[in-house]
There are 2 protein chains.
Amino acid sequence: MSLNAIMKPRAVAVVGASTRPHTIGSDLMKRLLEYGFTGPVYPVNPKGGVIEGLEAYRSVADLPEGVDLAIIVVNSKFVPETVDACHAKGIKGLVVISAGFKETGPEGAAFEADLLAKVRQYGMRMVGPNCLGVVNTHPEVRLDGCFAESLPERGDIGFVSQSGALGGGILNILKDLNLGFAQFISIGNQADIDAQAALEYWEHEEDVRQILLYMESIRDPKAFREHAARITKKKPVLALKAGRSAAGASAASSHTGSLAGADRAADALLKQAGVIRELGLKDLFNSAKAFSNCPIPKGDRIAIVTNSGGPGIMATDAVSAYGMRMAEISESTKAELRSFLPAAASVKNPVDMIASAPLEHYQRTVETVLADPGVDMVMVIYLPFLGLKDTDVAKALMDIKAKHPEKPIIGCFMTENRFFTELSDMKVTVPFYMYAEEAVDAMERLNRQRLWMERPEGVVPAFEVKKDAVRAMFDRVKSEGRTELSTRESMEVLDAYGVRTCRSTFAKTAEEAAAAADAIGYPVVMKMTSTTVSHKTDVGGVRVGLASHDAVLENFRDLVAKLEAKGLAEGFEGVIIQEMVVGKRETVCGIATDPQYGPMMMFGLGGIFVEALEDVAFRLAPLNDQDAKELVRSVKAFKLLQGARGTTPAQIDRVEETLLRLSQLVTDFPEVQELDINPLMISEKNGEPIAVDGRIRIA
Amino acid sequence: MSLNAIMKPRAVAVVGASTRPHTIGSDLMKRLLEYGFTGPVYPVNPKGGVIEGLEAYRSVADLPEGVDLAIIVVNSKFVPETVDACHAKGIKGLVVISAGFKETGPEGAAFEADLLAKVRQYGMRMVGPNCLGVVNTHPEVRLDGCFAESLPERGDIGFVSQSGALGGGILNILKDLNLGFAQFISIGNQADIDAQAALEYWEHEEDVRQILLYMESIRDPKAFREHAARITKKKPVLALKAGRSAAGASAASSHTGSLAGADRAADALLKQAGVIRELGLKDLFNSAKAFSNCPIPKGDRIAIVTNSGGPGIMATDAVSAYGMRMAEISESTKAELRSFLPAAASVKNPVDMIASAPLEHYQRTVETVLADPGVDMVMVIYLPFLGLKDTDVAKALMDIKAKHPEKPIIGCFMTENRFFTELSDMKVTVPFYMYAEEAVDAMERLNRQRLWMERPEGVVPAFEVKKDAVRAMFDRVKSEGRTELSTRESMEVLDAYGVRTCRSTFAKTAEEAAAAADAIGYPVVMKMTSTTVSHKTDVGGVRVGLASHDAVLENFRDLVAKLEAKGLAEGFEGVIIQEMVVGKRETVCGIATDPQYGPMMMFGLGGIFVEALEDVAFRLAPLNDQDAKELVRSVKAFKLLQGARGTTPAQIDRVEETLLRLSQLVTDFPEVQELDINPLMISEKNGEPIAVDGRIRIA
């Protein structure tokens, strides 16, 4: 259901409006009126009276018709009856600012659940409870239903904040940051409306051109992923998900009363959904500024134009650290630059016009470099020098931007605060940063959005598998009251889902053994099985590297002979003939289940390195082919797979396929709680990934 | 020689002073006078006239006595004769602002070398050429010998900038950053005075309490390291070394005309010298602000006091990411907090006073938490809420700081730019940041300085080694016109320096072989050597895992028998009996030589993982025991050494010793250009590190 009743109401009632200064009920009325809501505002207070110059209604029932939104600030215990009254009045939108719900403990959670049931039953939508309110800066709406310090700035951002105070703090500094909101929703306890609901609503709101999220928890990860992955292809979505660390998550949990999900799962989700994750507010705003003022670039080739070498070097360092490219300035561009720049200037990238560069050099250099087809983005660095004014350079850049809107222009102006304050009173069209590294961060985000938009839609392949066999296996295991599958059972499940497992067969005679080895392929390992003999080594119970049919025959006979000679033949059952996987590279892959986010696929470097090097990565299931590609490539050990130091290049597509098949397994059988293939050995013979050992646990 | 003549001159002459506006010769005069230099300022211009109200002298020779410093802004070709004239006048200090030297190419470099020779011959000291000038804000000096836009702010920072324009840019924004300089030197081409000279001078300047360096190259790494390592124990030294990336280094090189050293060497040097390296200017200033306003903490236990949950969580995340600790608030502190905070507040760390916290809650909470003996630093977060003014909270914190100066208090105020502008007009005593992550960065730097100051002085051990043997070996190799040592020669060198190498002996008979094996210890590997037999495998030419005296005898005889049977006995020389090192963990260690920084010690994870995982680290030679400890612990694989996954814990002290012995080797023999021990195997038997293969290249 649309959020129009809340975000674009015809009329707004404030239930709990107050005349007492510095109360929410008073501040809210002030903001609504000051900001100039385009419809009527009705204060409701049982005592009546005049609030902010308006006659208060004594009850919701007394309100005129046409109210779409009620902003509720009464004591929590009166909220349910207020909602009843709103329903009776035909009000469809609620913003419940009142606290005293889930955040207070189990009792409050139950109270909130009852409230939500009521809201759902009435077919209403609700923001909150325990929130700061909502804002819509659209000129036809001008709704500041929020009790923050400042009036909101108009801009292109849709912002969701799970923290009320933080949301207010942000509203407060927007102007200084040259940023503005289209809409803002403080979701509070997110009983009904959460980040995902906002995303869905903003998908089709034209004036919301980018979405910022501050989240401490993701309520419905699956739905969030689905919607976000679609919307991020249309507009950038940036998220600050706090509670990354165990300590932070514990702080988040005490603070919002919602369980903080494991961060690696959240991180995987955001990656797979194309959401740009920021680790701090500074970065969040820096990135937003870039998206507000730049087109998505066509590539990652960056040209730097500067009047000071130092910041140019620092910017180059930062570009390289991100793995982006410094543009190769073409010879004709260089020639043109040389035609007007002084001899001491450098016309290679970074283009250093030297400190004394006048305004005309800035203009002509930027236009010339911008026109070079080998340049995708231009970063312009300005340091004050002998009378050239920062604002004049800034205006020149904005003029150039107006003429050439197709490539991002980013300003790095190492100048006084005053400049940024002056900008905040201007309509800026170019993002300006103080420091080189901030400007490069911004370009990286633009480039990341480009890469995401260019990324093919992923496909979840449907492999032909033996589902029934696995069904039967799991049923049997469950019927035996077990949750752990044996190694053999686990390998059978993997086999049924088409994972290439290490082949092995049981054989009772020399001929059977040799035939089994023929079928498996050489070399093989022969392992004796016996009910009585524990001293396997005395008789050569494990024989490795058997390379031929005859060798198997011979060794089987030798084994039997030794057993008989030592009087150990009793209890001898036969041998397991096992494929001998020769590999130097062990990987691990598997499934881990997060209580909130569900099953995740894991891939990484195996062996003794797993814990020490932590070179593993995660993605949420179900995995599509793009996710699998990225998962495999996101570990450092990927280079090893490609065939470092004389090793056989791994069949990487088969590694991806293994992960995709496991994903299908856990999608088909959600009872799979844990699955480890350790090692998934990369065969030196042909680079095939082979599951040598496996372990599965089901619910 | 002291820099007093330059930094604390009795009188200053400006040679090349000018009346033409917006020239350096004019701006410089303006700044000197405006800032109120406490001694006389003498303009020198061959045309005479009145400059900034002062009668110009037509030549240096005409100047009155008592001039200590000449600031020279004449065309470069007149610089040498000006220096002659200054010398004749008894002037000891020079600041050569004029460009046209090394930065222009080889001819300019020769011109600069001549100038330097002259300066040295005259016993003068020189800043520049090609620089922005110098500043000393001490009230008894007030020297602004710099042509930056703004007048400098007084503070406790000594700043060296290799980039002139950048230095000027920084002077320009200091006030906004709440930072001030004690002294500033733009070293330009650093012909005479470089960062190290400034460090040495500032070591004993009381009012310089921290030192900031912007460097693109380190001219004399060895001397820099020696002095910096001493000075960093007294005052924090922060460095921004640009040219980290290959692209950045190339940009730096074209820009300053000096060769950019390999960054990993620079990084090692800064670490070993206790210099805090910053990657961007933003971080540099953030850290400087902390050191200007905070004592060095006693520990890393951080308490957070906030009126908004969100930033508290983000700060907690950032603290955890750095591996610092969130303080455990004591029960008695909690009880006291509960006595005045509302029920909805959280008294565990982060202490969340909730949004409505009034000023008194800030005051009392911060004082209470600060008094907790389990707290080393307090971070205070403020978000605007219903009328509580940011400046009032800031002042309250400064009052508390005045009363309790012993623990760092850091402010994170997410409020308007206006607040920071207001601060810039105040005498602040607490560092204030806008974002949680910046505040945590600052605390991490304070903590890092603490760790460095607590770090024991390193000792370079002197092992007893067979230096003569190595001398003889290198002489022989050189006399043969070689630079590469054979494996055997390399192993002999390692052995001579006490590195535990894989033992091996040549033996001609079965008895010799068995005796050799007895001496080496079992198991051993036996490798045939023959001048004729290439098909080693046919006769079992390599036999591994021989576990006893008898096994060696038997196998030697068997080998000879097989050779005879196959008619291959001719050419048989004997066998190499080699210790069989059984290990699961391969490390690498060695020596790499950087053309500028000299020999570096390398340590890391070996085997096929070297390139892919890049888990290697570097330190400059000579290595002291502390450096060795840190080097070994700075790679991720260190966890593996400790004995992960059932492996034998490595003898880590022996690994360190190996590195220290190699460091002694390269210190004794600077001709060692490259040395690789790959692998340095960790024995599963007893955790001993054993050099299994080695390679040495000499100059």
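Source: prediction; values computed, not measured. (Residues numbered from 1 in each chain as written. Chains lettered and ligands numbered in written order. Predicted model: local features only at pLDDT ≥ 70, side-chain atom pairs only at ≥ 80, totals over all residues. Heavy atoms only, no water.)

Student: How do you make sense of the UniProt feature "domain: ATP-grasp" (unreviewed entry) in chain A when you look at a structure like this?
Tutor: Cross-referencing UniProt, the feature "domain: ATP-grasp" (unreviewed entry) maps to residues 491-527 of chain A in the present numbering. Taken as a whole, residues 491-527 of chain A contains 46% helix and 22% strand, while its terminal C-alpha atoms sit 18 Å from one another. (UniProt positions renumbered as here; feature names shortened; annotations may be inferred. Helix = DSSP H or I, 4+ residues; strand = E, 2+ residues; numbered from the N terminus.)

Student: Explanation requested: unusual backbone geometry in the structure shown.
Tutor: All names here are of chain A. Omega for the bond connecting Gly-128 with Pro-129 falls within 30 degrees of zero, at 0 degrees, which places this linkage in the cis form. Along the chain, Pro-129 turns up in the loop between strand E7 (125-127) and strand E8 (133-136). Cis geometry marks the peptide bond from Asn-349 to Pro-350; its omega dihedral reads -5 degrees. Assignment of secondary structure puts Pro-350 in the loop between helix H12 (331-340) and strand E17 (351-352).

Student: I keep staring at the packing of helix H22 (residues 625-633) of chain B against helix H24 (residues 652-668) of chain B and nothing clicks. Help me out?
Tutor: Two measures define how a pair of helices packs: the angle their axes make with one another and the distance between the axes. All names here are of chain B. Following both chains from N to C, one finds H22 and H24 inclined at 115 degrees, their axes separated by 9 Å at the closest point. Relative to H24, H22 is oriented so that their crossing is right-handed. Residues Asp-625, Ala-628, Lys-629, Leu-631, Val-632 and Arg-633 of H22 form the contact with H24, whose participating residues are Ile-652, Val-655, Glu-656, Leu-659 and Leu-660. Across the contact of H22 with H24, the residue classes break down as seven nonpolar, no polar and four charged. (Axes fitted to C-alpha atoms, helices over the stretch in contact; angles between N-to-C directions. Left-handed = near helix turned anticlockwise from the far one by under 90°. Contact = heavy atoms within 4.5 Å. Nonpolar A, V, L, I, M, F, W, Y, C, P; charged D, E, K, R; others polar.)

Student: What is the right way to look at the domain arrangement of chain A in this model?
Tutor: Reports of interface size often rely on the accessible area that becomes lost once the parts have come together. Residue and element names in this part refer to chain A. For chain A, the assigned domains are domain 1 (4-290), domain 2 (295-454), domain 3 (503-580) and domain 4 (583-698). Of the residues lining the interface, 16 residues belong to domain 1; the matching set on domain 4 comes to twelve residues. The junction of domain 1 with domain 4 conceals about 1200 Å² of combined surface from both sides, 57% of it contributed by carbon and sulfur atoms. The largest share of the area that domain 1 buries against domain 4 comes from Arg-225, Arg-264 and Gln-272, three residues that together contribute 40% of it. Seen at the junction of domain 1 and domain 4, the total is one salt bridge. Here Arg-225 makes a salt bridge to Asp-627, at a shortest N to O gap of 3.3 Å. (Domains from an automatic or database assignment. Buried area = accessible area lost by both parts, 1.4 Å probe. Salt bridge = Lys/Arg side-chain N within 4 Å of Asp/Glu carboxyl O.)

Student: Which parts of the structure should I look at to understand helix H19 (residues 510-520) of chain A?
Tutor: Residues spaced three or four apart along an α-helix point in a common direction, a consequence of the helix completing one turn every 3.6 residues. Residues and elements named next belong to chain A. Looking only at H19, the buried set comprises Ala-510, Ala-513, Ala-514, Ala-516, Ala-517 and Ile-520. Buried residues of H19, viewed axially, fall in a sector of 160 degrees; they line one side. Backbone geometry just downstream of H19 places Gly-521 in the positive-phi region, at approximately 100 degrees. (Buried < 20%, exposed > 50% of the residue type's maximum accessible area, 1.4 Å probe, protein only. Arc of directions from axis to C-beta.)

Student: In this structure, what is going on with the sheet that holds strand E13 (residues 237-241) of chain A? I would like to understand it.
Tutor: Strand pairing in a sheet is mediated by backbone hydrogen bonds. Such pairs are either parallel or antiparallel. Residue and element names in this part refer to chain A. Read from one edge to the other, the open sheet built from seven strands follows the order E9-E8-E11-E10-E12-E13-E14, with strand pairing classed as mixed. Bordering the open sheet on either side are strand E9 (143-146) and strand E14 (276-278), each of which pairs with just one other strand. For this sheet, the mean inter-axis angle between neighbouring strands, taken without regard to orientation, is 20 degrees. Across the sheet, helix H5 (residues 164-173) is in contact with E8, E9, strand E10 (154-161), strand E11 (181-186) and strand E12 (210-215); its angle to E11 comes to roughly 160 degrees. (Pairing = 2+ DSSP bridges.)

Student: Would you mind going over the interface of chain B and chain A with me for this structure?
Tutor: Tallying the contact residues gives 86 residues for chain B and 86 residues for chain A. Buried surface at the junction of chain B and chain A, both sides included, amounts to about 6600 Å², of which 64% is carbon and sulfur. Summed over the three residues of chain B that lose the most area to chain A, namely Leu-386, Ile-608 and Arg-645 of chain B, the buried surface amounts to 11% of that side. The shortest N-O distance in the salt bridge between Glu-614 of chain A and Lys-639 of chain B comes to 3.5 Å. Contributions of two or more residues to the side of chain B that touches chain A are made by helix H5 (164-173), helix H8 (246-256), helix H10 (281-293), helix H11 (309-321), helix H15 (417-424), helix H16 (436-454), helix H21 (609-613) and helix H23 (638-641) of chain B. Per element, the largest residue contribution to the side of chain B that touches chain A is ten residues, and it comes from H11 of chain B. Among the residues forming the side of chain B that touches chain A, the class breakdown is 38 nonpolar, 26 polar and 22 charged.

Student: Would you take a moment to explain the relation of the copies chain B and chain A for this structure?
Tutor: The relation between the two copies of this chain is a rotation about an axis and a shift parallel to it. Note on the identical chains: chain B maps onto chain A by a rotation of 180 degrees and an axial translation of 0.0 Å, with an RMSD of 0.1 Å. Within this description, the copies of the chain are treated as partners about a two-fold rotation axis. When C-alpha distances to the rotation axis are compared across chain B, the minimum falls at Asn-417 of chain B, with a value of 4.0 Å. Mapped onto chain A, 100% of the interface residues of chain B again fall at the interface, so both copies present the same surface. (Least-squares fit on C-alpha atoms with pLDDT ≥ 70 in both.)

Student: Could you clarify how one ought to interpret the packing of aromatic side chains in this entry?
Tutor: For any pair of aromatic rings, geometry is given as the distance between the ring centres together with the angle between the planes. Under the definition given, this model contains 30 aromatic pairs over all chains. Judged by centre distance (5.4 Å) and plane angle (20 degrees), the rings of Phe-159 of chain B and Phe-181 of chain B are stacked. Here Phe-159 of chain B, found in strand E10 (residues 154-161), pairs with Phe-181 of chain B, found in strand E11 (residues 181-186); they are 22 residues apart in sequence, far enough to count as distant. You'll find Phe-159 of chain B and Phe-181 of chain B in the same group, each marked buried. Taking 5.0 Å as the distance between ring centres and 35 degrees as the angle between the ring planes, the aromatic pair formed by Tyr-382 of chain B and Phe-413 of chain B counts as tilted. One end of the pair, Tyr-382 of chain B, is in strand E18 (residues 377-382); the other, Phe-413 of chain B, is in strand E19 (residues 409-413), and 31 residues separate them in sequence. Like Tyr-382 of chain B, the residue Phe-413 of chain B is buried in the burial classification. Among the aromatic residues, those joined into a ring-pair cluster are Tyr-362, Tyr-382, Phe-413, Phe-419, Phe-420 and Phe-432 of chain A. (Phe/Tyr/Trp six-rings, centres within 6.5 Å; stacked < 30°, edge-to-face > 60°.)

Student: I'm lost on the nonpolar core in this one. Help?
Tutor: If you look at soluble globular proteins, the nonpolar side chains tend to sit buried side by side. Within the largest apolar cluster, 298 residues are counted, with the highest numbers of intra-cluster contacts made by Phe-224 of chain A together with Phe-224 of chain B. Setting aside chain neighbours within four positions, we find Phe-224 of chain B in contact with Ala-195, Gln-196, Leu-199, Leu-213, Met-215, Ile-218, Leu-269, Leu-270 and Val-275 of chain B. Grouped together as the second largest cluster of nonpolar side chains are 104 residues, Val-666 and Ile-698 of chain A together with Tyr-497 and Val-672 of chain B included. (Core = buried A, V, L, I, M, F, W, Y, C linked by side-chain atoms within 4.5 Å.)

Student: What am I meant to see in the pattern of salt bridges here?
Tutor: Two side chains bearing opposite charge may form a pair once their charged atoms approach each other closely. Residues and elements named next belong to chain A. In the structure shown here, the tally under the stated rule is 108 salt bridges over all chains. Arg-455 is paired through a salt bridge with Glu-630; the nearest N and O atoms lie 2.6 Å apart. One end of the pair, Arg-455, is in the loop between helix H16 (436-454) and helix H17 (467-479); the other, Glu-630, is in helix H23 (residues 625-633), and 175 residues separate them in sequence. Accessibility expressed as a relative area gives 11% for Arg-455, which makes it buried. Across the salt bridge formed by Arg-500 and Glu-688, the nearest N and O atoms sit 3.0 Å from each other. Here Glu-688 lies in the loop between strand E28 (672-683) and strand E29 (689-691) and Arg-500 lies in the loop between helix H18 (487-496) and strand E21 (504-507), a separation of 188 residues in the sequence. Note on accessibility: Arg-500 and Glu-688 belong to one class, buried. Counted as one network, the salt bridges with shared partners bring together Glu-484, Glu-674, Asp-676, Arg-695 and Arg-697.

Student: Explain the side chain of Lys-289 of chain B to me, please; I cannot follow it from the model alone.
Tutor: Residues and elements named next belong to chain B. Mapped onto the secondary structure, Lys-289 falls in helix H10. Buried and unpaired, Lys-289 has Glu-438 as its nearest opposite-charge partner, separated by 6.5 Å. Aside from chain neighbours lying at most four places away, what touches Lys-289 is Leu-177, Asn-178, Leu-179, Pro-431, Phe-432 and Tyr-433. (Lys, Arg positive; Asp, Glu negative; His and termini not counted.)

Student: Mind showing me how you'd approach helix H13 (residues 359-371) of chain B here?
Tutor: All names here are of chain B. Over its 13 residues, H13 extends 18 Å from the first C-alpha to the last, a length consistent with the 18 Å expected when each residue adds 1.5 Å. Every buried residue of H13 is listed here: His-361, Tyr-362, Thr-365, Val-366, Thr-368, Val-369 and Leu-370. Looking at the packing, one finds that the buried side of H13 touches strand E15 (301-306), helix H12 (331-340), strand E17 (351-352), E18, helix H14 (390-403) and E19. (Expected span 1.5 Å × (residues − 1).)

Student: Hey, could you run me through the sheet that holds strand E7 (residues 125-127) of chain B in this one?
Tutor: Residue and element names in this part refer to chain B. The five strands are arranged E2-E1-E5-E6-E7 in an open sheet whose pairing can be described as parallel. Here the strands that pair on one side only, and so sit at the sheet edges, are strand E2 (41-44) and E7. Neighbour to neighbour, the strand axes of the sheet diverge by 20 degrees on average, direction disregarded. In this structure, strand E5 (residues 69-72) lies alongside strand E6 (residues 93-96), joined through four bridges in parallel fashion. When the sheet's bridge partners are listed, Ile-71 is paired in E6 with Val-95. Sitting on the sheet, helix H3 (residues 79-88) is in contact with strand E1 (12-15), E5 and E6, with an inclination near 165 degrees to E5.

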